[in-house]
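# Architecture at a glance
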Amino acid sequence: MRILLCGGTGYIGCHAYLVLAARGHEVTIADNFSNSSPQVLHRLETLTESSVNFHRVDMRDRLALAKLFSTRRFDAVVHFAALKAVGESCERPLDYFDNNISGTINLLQAMREAEVRNLVFSSSATVYGDPERLPIREDARLQVTNPYGRTKLVMEELIGDVCRADPAFRSANLRYFNPVGAHESGMVGEDPGGIPNNLMPYICQVAVGLRDKLSVFGGDWPTVDGTGVRDYIHVMDLARAHADALDYLAREDRNLTVNLGTGKGVSVLELVRGFEKASGRNIPYEIVDRRNGDVAEVYADPSLAQRLLGWRAEFDVDAMCRDAWRWQSLNPQGYASLFSTESDRALATA
Ligand code: NAD
Ligand code: UDP
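The following paragraphs examine the structure supplied in this document. (Residues numbered from 1 in each chain as written. Chains lettered and ligands numbered in written order. Predicted model: local features only at pLDDT ≥ 70, side-chain atom pairs only at ≥ 80, totals over all residues. Heavy atoms only, no water.)

## A word on the overall build of the protein chain
- Counting its secondary structure elements, the protein chain contains 12 helices and 13 strands.
- Once the C-alpha set of the protein chain is aligned to its principal axes, its extents read approximately 55 × 50 × 40 Å.
- Burial status across the protein chain gives 52% buried among its 350 residues.
- Contacts in the protein chain between residues far apart in sequence, at least 24 positions, make up 79% of those at least 6 positions apart.
- Counting every atom, the protein chain has about 15,400 Å² of accessible surface; 47% of that belongs to carbon and sulfur.
- Charged side chains of the protein chain number 38 positive and 46 negative; the gap between the two group centres comes to 2 Å. (Helix = DSSP H or I, 4+ residues; strand = E, 2+ residues; numbered from the N terminus. Buried < 20%, exposed > 50% of the residue type's maximum accessible area, 1.4 Å probe, protein only. Contact = heavy atoms within 4.5 Å. Areas by Shrake-Rupley, 256 points an atom, 1.4 Å probe, with all protein chains shown as cover. Lys, Arg positive; Asp, Glu negative; His and termini not counted. Charge placed at Lys NZ, Arg CZ, Asp CG, Glu CD.)

Next up, the structure:
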C-alpha cells in the first residue's frame, strides 16, 4: 500500500514507519516538526538503507495538504499529528483545539477530495477518563478530564460522522495506553523537549544524569504499593498494530475501535525497579503529592485487538526498560546534540 503518515517524525510515527517499510509498504511522511526533529529522517534512512519520502506540511494548512495529496495517490493515511501534553492543553486549550481538531478536519477534507478512504487514527486511553471498571473494554463509558482528551474524543466522533456520511470510508481508532521503549537499534526513541511530563522519559533522564531524582506523584493511591498503575506498552508492539490495522481495513472492509495495551497494570515503583534492573543505574525518587487530574489505575482489556487483528503485545516490562535505556544512553540529549548539522538546518527551513 501507499501510506501517508501524518506526524510521522514523532515518537510513535517513526517506529510505525520502520514496521510499515519492513512490510514492503511505500510510506510517505508529513510533519511540521512542531514536536520532532529532522534528525529522525536521517536515522530512518540509515535504518532502512533507503531514502525517506518526506513533506514538511502543517495539518492546519489546507492548501499544503491538497498539494501533498496531488503528489501521489495514497491508499491509506495514518494520523499521528497532534499536540499531546495534558498540562499544556489546560493552559492553551484553543491551541489544542486548533491544531488537533482543525488539522483533522483539513486532513479529512483533503482525503475526501483525493478519494482516499482508509484512515488509522491515533486515539488514546485518555478517552476513558477515570474508569468505572478494570480492565477497560472498548464499550466502557467515555469521559474526558482535560482539553487534550476532549480533542481526542471529538476527533473520534468527527471520524465516526465521516464514516456514517460516506459508507465507503473506513477508519481504525487505535486507543493507545502508555507507549514506552524504543526501536532495538537505539537510533530512534522518545525525545520530549524540556522537562518530561511522562514517567518513562523522566526515569530515563534521571538514569542518564540530566535530572537528580524522580518525583513519584502520590504514595497513597488504592493500588498494590500506593503508586499509580498504568498499562505500559512497547512502542514496537504498538507500531506493529498500525500495520495490522491497515491490513484489517483492506481485508475486512469494516471500521474498528480497539484498545492497544498489554492488559497488565504496572505501578510507578515497579517500573522504577524494572528500569534499575535493565540499566544497572540507581533511580533516586521521592514520594510527593498526587498530580492534579491523575487517576489511580488504568489498564486495558486488549482481547478485542487480539480477536479482530490477531495482534497482541509481545514485549514485557524488562524489554521496555532495556530498549528505553539503550536509546537514552546512546542519545543522552535526545536528537538535540545532532540537530545543528548543515543538512538538519536545511531540512528544518525547507
Ligand atoms: P509526538 O509529539 O512525538 O508526535 C506527533 C508528531 O506530530 C510530531 O512529530 C509533531 O511535530 C507532529 N505534528 C503535531 N501537530 C502537527 C501539525 N499541525 N502538522 C503537522 N505535524 C504535526 O507524539 P507521539 O507520542 O508520537 O504521539 C502520536 C499520536 O499518538 C498523537 O496523536 C498522540 O496524541 C497519540 N497518543 C500518544 C500517546 C503517548 O503517550 N505518546 C498516548 C496516546 C495517544
Ligand atoms: N508519574 C510520576 N512521576 C512523574 C511522571 C508520572 O509519578 O514524573 C506517575 C503518574 O502519576 C502516573 C504514572 O506515573 O501514575 C504514569 O504517568 P504518565 O504521565 O507517564 O502517564 P498517564 O498518567 O498520562 O497515563
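## Notes on unusual backbone geometry
- For the peptide bond that leads from L134 to P135, omega is -10°, which places it in the cis range.
- For P135, the position within the fold is in the loop between β5 (118-124) and α6 (147-165).
- With phi around 55°, E49 is a residue other than glycine that occupies positive phi space.
- Looking at the secondary structure, you find E49 in the loop between α2 (39-48) and β3 (53-56).
- With phi around 55°, D253 is a residue other than glycine that occupies positive phi space.
- Overall, D253 belongs to the partly exposed group, its relative accessible area being 45%.

## Quick look at the site of ligand 2
- As a structural note, the neighbourhood of ligand 2 is formed by 14 residues, with L199, S215, R230, R291 and D294 the closest of them.
- Taking R291, its side chain carries an N or O atom lying 2.8 Å from an oxygen atom of ligand 2.
- Burial of ligand 2 by the protein chains amounts to 88% of its free accessible area of 510 Å².
- In terms of residue count, strand β8 (residues 214-217) provides more of the shell around ligand 2 than any other element does, four residues in total. (Near = heavy atom within 4 Å. Polar contact = N/O pair within 3.5 Å; in protein donor to acceptor, adjacent residues only side chain to side chain.)

## Here we look at the environment of H234
- Positionally, H234 belongs in strand β10 (residues 232-234).
- By relative accessible area, which is 0% here, H234 ends up buried.
- C-alpha separation for the pair H234 and M320, spaced 86 residues apart in sequence, amounts to 5.5 Å.
- A distance of 2.8 Å separates a polar atom in the side chain of H234 from a polar atom in the side chain of D323.

## A look at α6
- For α6, with 19 residues, the first-to-last C-alpha span of 27 Å sits near the 27 Å given by 1.5 Å per residue.
- Residues of α6 that are buried: P147, Y148, G149, T151, K152, L153, M155, E156, I159, G160 and C163.
- Packing partners of the buried residues in α6 comprise α4 (86-91), α5 (93-114), β5 and β6 (170-176).
- Between the side-chain oxygen of the N-cap and the backbone nitrogen of Y148 there are 3.2 Å, and the N-cap of α6 in question is N146. (Expected span 1.5 Å × (residues − 1).)

## Focus: the pairing of strand β1 (residues 2-6)
- Among the five residues in β1, four count as buried, and that is most of the element.
- Relative to strand β2 (residues 26-31), β1 is paired through five bridges, and the arrangement is parallel. Residue pairing in the sheet places R2 in a bridge with E26 of β2.
- In this structure, β1 lies alongside strand β4 (residues 76-79), joined through four bridges in parallel fashion. Residue pairing for β4: L4 is matched across the bridge by V77. (Pairing = 2+ DSSP bridges.)

## Things to note about the site of ligand 1
- If you check the shell around ligand 1, you find 27 residues, and the closest are D31, N35, K84, Y148 and K152.
- With respect to ligand 1, the backbone of Y11 contributes an N or O atom lying 2.8 Å from an oxygen atom.
- Here ligand 1 has 810 Å² of accessible area as a free molecule, and 95% of this is covered by the chains.
- Of all the secondary structure elements, the ones that give two or more residues to the shell around ligand 1 are α1 (11-22), β5 and α6.
- Residue composition of the shell around ligand 1, by class: 12 nonpolar, 11 polar and four charged. (Nonpolar A, V, L, I, M, F, W, Y, C, P; charged D, E, K, R; others polar.)

## Topic: the nonpolar core
- Grouped together as the largest cluster of nonpolar side chains are 47 residues, with contacts concentrated most on L5, L44 and L260.
- With 10 residues, helix α8 (residues 235-252) is the largest single contributor of residues to this core.
- Not counting chain neighbours up to four residues away, the residues in contact with L260 comprise L174, R175, Y176, F177, I233, L238, A241, A305 and W311.
- One finds A110, V116, F121 and I159 within the second-largest nonpolar core, a separate group that totals 23 residues. (Core = buried A, V, L, I, M, F, W, Y, C linked by side-chain atoms within 4.5 Å.)

Without other data, these values stay purely geometric and don't point to any function.
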